[in-house]
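Structural description and commentary
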Amino acid sequence: MRVGIGLPGGVPGTDGHLMVEWARQAEYGPFSSLGVIDRVVYDSYDPLTALTAAAAVTRRLQLVSMIIIAPLRNPMLLAKQVTSIDALSDGRLVLGVAVGARQDDYDAVGIEYQERGRSFIEMLGMLRDLWDDPAFGPVKRRAGGPPLLIGGQSDQVFSRMARYGEGYVHGGGPPKTFARAAAKALAAWSDMGRPGRPQLRAQAYFALGEEEKLHGMSYLRDYYAFTGPFAQKIAEGLLTTPQAIAQYLRGYAEAGCDEVILFPTVPRIEQVERLAKVLQGLGYSNGHTVARKGEEGGW
C-alpha cells in the first residue's frame, strides 16, 4: 500500500508560500502523492489551482484530488483544467470526484443541491466523451485521459464508479468501514464485467505533537460542523501518534487499500518532516513499503 500526504490548503489561514514549500519538501519524502480537498464556502484554496502550483515544484509525486465536488463546476471547463494540469505535470494527475455533502457550497454557486446526483452522472459521461476525443487538447498523456476515481457512500456511487471510473475514493473512518465499501466497489466492478480490479484509495487526518493535536481537533470540529454532533467523533479519530498512524495504515493495508493520503490539520511545515520520519520508521520509501511484515522497520 502506498501513502501520500495532503496539502494544507483546506486549513484556514494557510500561507501561499507554505503551500509551495510543503509540496517541495514532500517531493523528497517517503510519500507517493500529494492530495487536495475541495470546499467553496470556506477559508481554503481552490484544489485545482493548488495542484497546478504543486506540479511546478515536483517531478515524482502523483497529484490527487480527494475529491473535487464535480457538479459545482462547468464540465467543459473542468475537463480542460484537468487535462491541462495532467499535461503540465507529465501525466501525474489523478482526478477524484464526488457530489459533496454541503448544501452551502451549492447555494453559493447557484446550483440546485437536490439535482446534484443527476448533474454528476451527466458530467461523468461528458468527461469521458471529451477525453476520448482526440481533438480535445492539450495532448493527453494516456488514452482516455487522467485516471478517474469516484467517491461517496451511497449504493449508486459504486455502479457509477464501475461504469465511468478507474477506482473508488473512500472518505475515511475505521478500516472496517473501508473494508465494507471496498467490497461493494469490487462487486460492482465485477458485475459490470470490467477486467482486473478498481483502484482503492482513502484518506485520513493527522496532527503530530501535543499542541498540534488540540489545533487539529478544533479544525476538524469546525470543518465538519455541518454534521452536528458527529463532528466530535471525526475529531476524535485524528491520528496524533506514530502508533495510531501505524495501526491505521496496517488496517487499511489488510483491507486491500492501494493508497492512503494523510491530510494535515495544522499548517506548519514541521508536520511534513514529522510524518516522513514516522513513515520511514514503518519502512516506507517513496510511498511504498520496503520492509515486510515482521521485519525490522516493517509492521
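Model, not experiment: these values are computed from the prediction.

Let's talk about helix H1 (residues 16-27)
Residues separated by three or four positions in an α-helix point in the same direction, a consequence of the helix having 3.6 residues per turn. For H1, which comprises twelve residues, the first-to-last C-alpha distance of 17 Å matches the rise-based estimate of 16 Å (1.5 Å per residue) to within 8%. Buried within H1 we find Leu18, Met19, Trp22, Ala23, Ala26 and Glu27. Looking at the buried positions of H1, the neighbouring elements they touch are strand S1 (2-6), strand S2 (33-36), helix H2 (47-57), strand S9 (259-264) and helix H11 (270-281). Put simply, aspartate 15 is the residue that caps the front of H1, since its side-chain oxygen is 2.8 Å from the backbone nitrogen of histidine 17.

A look at the environment of glycine 144
Looking at where glycine 144 falls in the secondary structure, it is placed in the loop between helix H5 (116-132) and strand S6 (148-151). Among the residues examined, glycine 144 registers a relative accessible area of 16% and is labelled buried. Separated by 15 residues in the primary sequence, glycine 144 and aspartate 129 place their C-alpha atoms 8.6 Å from one another.

Focus on unusual backbone geometry
That bond from methionine 66 to isoleucine 67 is cis: its omega, 15°, falls within 30 degrees of zero. Along the chain, the position of isoleucine 67 falls in the loop between strand S3 (62-65) and strand S4 (68-69). Residue glycine 137 is joined to proline 138 through a cis peptide bond whose omega torsion reads 10°. Inspection of the secondary structure assignment puts proline 138 in the loop between H5 and S6. One non-glycine residue, aspartate 90, lies in positive phi territory at about 60°. You can see aspartate 90 is positioned in the loop between helix H3 (75-88) and strand S5 (93-98).

With respect to the confidence of the model for the protein
Chain-level pLDDT for the protein is 93 on average; 96% of the residues reach the 70-or-more range. Note on residues 290-299: pLDDT under 50 across the span, and 20 contacts to partners over four residues away in sequence or across chains.

Overview of the packing of aromatic side chains
Following the criterion strictly, the structure yields ten aromatic pairs and no others. Geometrically, the ring pair formed by phenylalanine 158 and tyrosine 168 is tilted, given 5.1 Å between the ring centres and 40° between the ring planes. In this pair, phenylalanine 158 is assigned in helix H6 (residues 155-164) and tyrosine 168 in strand S7 (residues 167-170), connecting sequence segments ten residues apart. When sorted by exposure, phenylalanine 158 lands in the same class as tyrosine 168, which is buried. Look at phenylalanine 178 and tyrosine 252: their rings are 5.0 Å apart centre to centre, the planes differ by 35°, and that puts the pair in the tilted class.

Quick look at the pairing of S6
Neither face of S6 is open: one carries Leu148 and Ile150, the other Leu149 and Gly151, and all of them are buried. At this point the chain moves from S6, through H6, to the parallel S7, and the crossover so formed is right-handed.

Thresholds, definitions, all that
Residue positions are given per chain, counting from 1 as you read along its sequence in written order. Predicted model: local features are reported for residues with pLDDT of at least 70 only, side-chain atom pairs are reported and counted for 80 or more only, and whole-chain, interface and lining totals are derived from all residues. Heavy atoms from the whole structure form the basis of all side-chain values; hydrogens and water molecules are not counted. Helix and strand definitions here come from DSSP, where helices need a minimum of 4 consecutive H or I residues and strands a minimum of 2 consecutive E residues; each element is numbered from the N-terminal end. One fewer than the residue count of a helix, multiplied by 1.5 Å, yields its expected span. For every residue, the accessible area obtained with a 1.4 Å probe (protein chains only) is divided by the maximum for its type, and the residue is called buried under 20%, exposed over 50%, and partly exposed between those limits. Contacts between residues were defined by any pair of non-hydrogen atoms, one from each residue, lying within 4.5 Å. The term polar contact refers here to a pair of N or O atoms within 3.5 Å; inside protein, the definition further demands a hydrogen-donor-capable atom paired with an acceptor-capable atom, and it admits residues adjacent in sequence only when both atoms are side-chain atoms. Scored from 0 to 100, pLDDT records how confident the predictor is in each individual residue. Each aromatic pair joins two rings of Phe, Tyr and Trp (for Trp, the six-membered one) with centres within 6.5 Å, and gets the label stacked for planes under 30 degrees apart, edge-to-face for over 60, and tilted for any other angle. Crossovers are described as right-handed under a simple rule: with the strands pointing away from the observer, the path leading from the first strand over the helix to the second runs clockwise.

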